[in-house]
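Structure assessment
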Amino acid sequence: MELVILAFVVWAAGTFVAVQIARSPGHDAMPARIAVPVIFGIMVLAMWELLVTGLNVSQVILPAPSVIASTFARSTSTLWGDFLQTALKGGVSGYLIGCSAAVAAALAIDRVPFLQRGLLPIGNFVAALPIVGIAPILVGWFGFDWQSKAAVVVVMVFFPMLVNTVQGLADTTAMQRDLMKTYSAGYWQSLLKLRLPAAMPFIFNGLKISTTLALIGAIVAEYFGSPTRGMGFRISTEVGRLGLDMVWAEITVAAIAGSVFYGLVALIERGVTFWHPSQRS
Amino acid sequence: MKKLLIGALALGMGTGAAQAADEVTLQLKWVTQAQFAGYYVALEKGFYEEEDLDVTIKPGGPDIAPEQVIAGGGADVITTWMAAALAARERGLPLVNIAQPFKSGGLQLTCLKESGVESPEDFPGHTLGVWFFGNEYPFYAWMAKLGVPTEGGEDGVEVLKQAFNVDPLLNKQADCISVMTYNEYGQVLDAGISPDELVTFNYLEEGVGMMEDGLYVLEENLDDPEFADKMVRFVRASMKGWKYAEENPEEAAEIVVDSDETGAQTLDHQIYMMGEVAKLTAGSDGALDPADFDQTVATLLSAVSPDNPAITEEPSEGAWTHAITDEALQ
């Protein structure tokens, strides 16, 4: 019971400190902007730990953060192997294949109006296929290893990427295109110098959306047959074994991997589209 | 129409009796199929009602762990395999076996003859399909007994996480796959592969069999005499259902198909399944034979490894009880 009360004390104290920082004159400065989310995170973890222990919640329902942390520390080699298998082999390769295929398709659609009427509806159709429907089929086609996971990721990221790129390529005004014409620029020149740069904010939107989709696709695809490694394999197996601490450790890995992946793409975006209003601070 | 009549009857008998019936929720290990025919028969034939029980049967599925459902309070009693129940017990979820309708197990490993597997000595270098989600313990115990590593390589076997179908064998992605005598083995035959093209190993015959579907409840609930009394009546009616299903397999299969809300089961397959399941339940009157329990534990303990973390020590006292069956089966 004391632990439960302590949990609420932590809550009150954390909220008080965070509010004080937010109200202080330096609330827009870097230290304050980092401190508030960190305090909030620590507060949530502390309350989680105290409530789970204090209320005697079964480890099968919700393990305490300390248990998850010790499992994480104990099984880093397993987690690393799973990360390689799922995030890098399945996720990243599928992401690269899917995104480049989508950009190529978007360029073709942009060049040939006939394809616009044919390919876009097909892209639409593929996007509407549920992952639980296509994953078992692709596992049947490409085997149990990471190749079939990459194929699922390709299907998942293709459509958002395609739509964004098509939209981006249409984002120049008639005036800008006319200017290129007066320079006597050909199709490729105006594509490379005007239209692709103008499309970059859209393309990066698609790339960022696709990072999370890729990770989800690679993990979920492992539910439908996999070798005995991989994040999705581990999660589905450990749930059956009631090893919920390991499940949460994998979730932690997925969260970190997803954030880093997203952050990397956002960083590249900053460098490429530095001219765009959204990048000015 | 039948349901309407029953509804009308229930109304006619007055609401008093209906309300007084004790509610019991049973969580199945898998989807509605003849593997659980006894419970559906007991429900449809009114055996539960005779015991003044209002039983709800919750079907399971590929992503439902019955142990987790009972831990979360979603069920009073579950069916699961003994290895999974003991694993849950060691992880702090005190499950107790109160009855064991399945005397023997139906888990097998089926190999294509053309893959060159004729005996367990031939496994190294081959790819084997295994079910996980708490069903992998017998496999790892067997490999430990054979001394075959499961990490692949020339001396080891490559393990695939098999989805709950037989495609990997048909697509030749695996040389051997896991099958239940009463379900997937029939699917392999249905796919046009004849029994003499197959080599089948039964876990029981290989000496690594483990008790399959048993009824498990939480230990703390058993201390409550009212709950224990409910379980006595539940087990009595369930076993009556099982014996009825064994004697009337076709009727039982029909009841199962009618109870299947997904409409995915076909009558032919359920009749096949009921015939095979009846062979497994035939030897049991519901009471667990302690020797079977000891054998399952011994098999699990003989193969403790990181791959097979079912249990690492002898289960604590009270993992099974005859208290319920002694009273139910008088």
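How each quantity is defined
- Residues numbered from 1 in each chain as written.
- Chains lettered and ligands numbered in written order.
- Predicted model: local features only at pLDDT ≥ 70, side-chain atom pairs only at ≥ 80, totals over all residues.
- Heavy atoms only, no water.
- Helix = DSSP H or I, 4+ residues; strand = E, 2+ residues; numbered from the N terminus.
- Rg over C-alpha atoms; globule rule 2.2 N^0.38 Å.
- Buried < 20%, exposed > 50% of the residue type's maximum accessible area, 1.4 Å probe, protein only.
- Contact = heavy atoms within 4.5 Å.
- Polar contact = N/O pair within 3.5 Å; in protein donor to acceptor, adjacent residues only side chain to side chain.
- Domains from an automatic or database assignment.
- Phe/Tyr/Trp six-rings, centres within 6.5 Å; stacked < 30°, edge-to-face > 60°.
- Lys NZ or Arg CZ within 6 Å of the ring centre and 35° of its normal.
- Pairing = 2+ DSSP bridges.
- Buried area = accessible area lost by both parts, 1.4 Å probe.
- Nonpolar A, V, L, I, M, F, W, Y, C, P; charged D, E, K, R; others polar.

When helices and strands are counted, chain A shows 11 helices and 1 strand. Relative to a compact globule of 281 residues, whose C-alpha radius of gyration would be 19 Å, chain A shows 24 Å and is clearly more extended. The buried share among the 281 residues of chain A stands at 41%. For chain A, the share of sequence-separated contacts (at least 6 apart) that also reach a separation of at least 24 residues comes to 72%.

Our next topic: the side chain of A:Thr237. With respect to the element layout, A:Thr237 can be found in helix α10 (residues 231–240). At a separation of 2.7 Å, a polar atom in the side chain of A:Thr237 contacts the main-chain carbonyl oxygen of A:Phe233. Once residues lying within four places of it in the same chain are set aside, the contact partners of A:Thr237 are B:Phe132, B:Phe133 and B:Glu136.

To continue, consider the domain arrangement of chain A. Here chain A is partitioned into domain 1 (2–57) and domain 2 (72–279). In this structure, domain 1 of chain A and domain 2 of chain A have C-alpha centres spaced 35 Å apart.

Although it is not a glycine, A:Asn56 adopts a positive phi angle of roughly 60°. For A:Asn56, the position within the fold is in the loop between α2 (30–54) and α3 (65–74). Here the phi dihedral of B:Asp52 falls at roughly 60°; this positive angle occurs in a residue that is not glycine. Among the secondary structure elements, B:Asp52 is positioned in the loop between α4 (47–50) and β2 (53–58).

For A:Leu84, the location among the structural elements is in helix α4 (residues 76–111). Between the C-alpha atom of A:Leu84 and that of A:Ser236, which follows or precedes it by 152 residues, the distance is 18 Å.

As a further point, take the packing of aromatic side chains. Following the criterion strictly, the structure yields 18 aromatic pairs over all chains and no others. Lying across the ring of A:Tyr187, A:Arg111 places its NZ or CZ 3.8 Å from the centre. The residue whose ring lies beneath B:Lys29 is B:Trp81, and the NZ or CZ to ring-centre distance is 4.9 Å.

All names here are of chain B. Its location among the elements puts Gln35 in the loop between β1 (22–27) and α3 (37–44). Of the residues examined, Gln35 reaches a relative accessible area of 4% and is grouped as buried. Of the polar contacts made by the side chain of Gln35, one reaches the side chain of Gln33; its length is 2.8 Å. Within the structure, Gln35 has its side chain in polar contact with the side chain of Asp213 (distance 2.8 Å). Setting aside chain neighbours within four positions, we find Gln35 in contact with Trp30, Phe102, Tyr182, Asp213, Trp242, Met273 and Val277.

Turning next to the pairing of strand β9 (residues 198–202) of chain B. Residues and elements named next belong to chain B. The buried fraction of β9 amounts to 4 of the 5 residues, a majority that puts the element mostly inside the structure. The pairing of strand β5 (residues 107–112) with β9 spans 5 bridges and is classified as antiparallel. The residue bridging Thr110 from the neighbouring strand is Thr200, located in β9.

The next subject is the domain arrangement of chain B. Residues and elements named next belong to chain B. Domain assignment breaks chain B into domain 1 (20–104 + 211–328) and domain 2 (107–202). Centre-to-centre, using C-alpha coordinates, domain 1 lies 26 Å away from domain 2. Contacts between the two partners involve 27 residues from domain 1 and, on the opposite side, 19 residues from domain 2. Counting the surface lost from both domain 1 and domain 2, the interface buries some 1,900 Å², and carbon and sulfur atoms represent 63% of this. Linking domain 1 with domain 2 are 7 residue pairs in polar contact (both at pLDDT 80 or more). Listed by contribution, the elements that provide at least two residues to the side of domain 1 that touches domain 2 are α6 (82–90), α13 (267–281) and α14 (290–301). Of the residues contributing to the side of domain 1 that touches domain 2, the split by class is 17 nonpolar, 5 polar and 5 charged.

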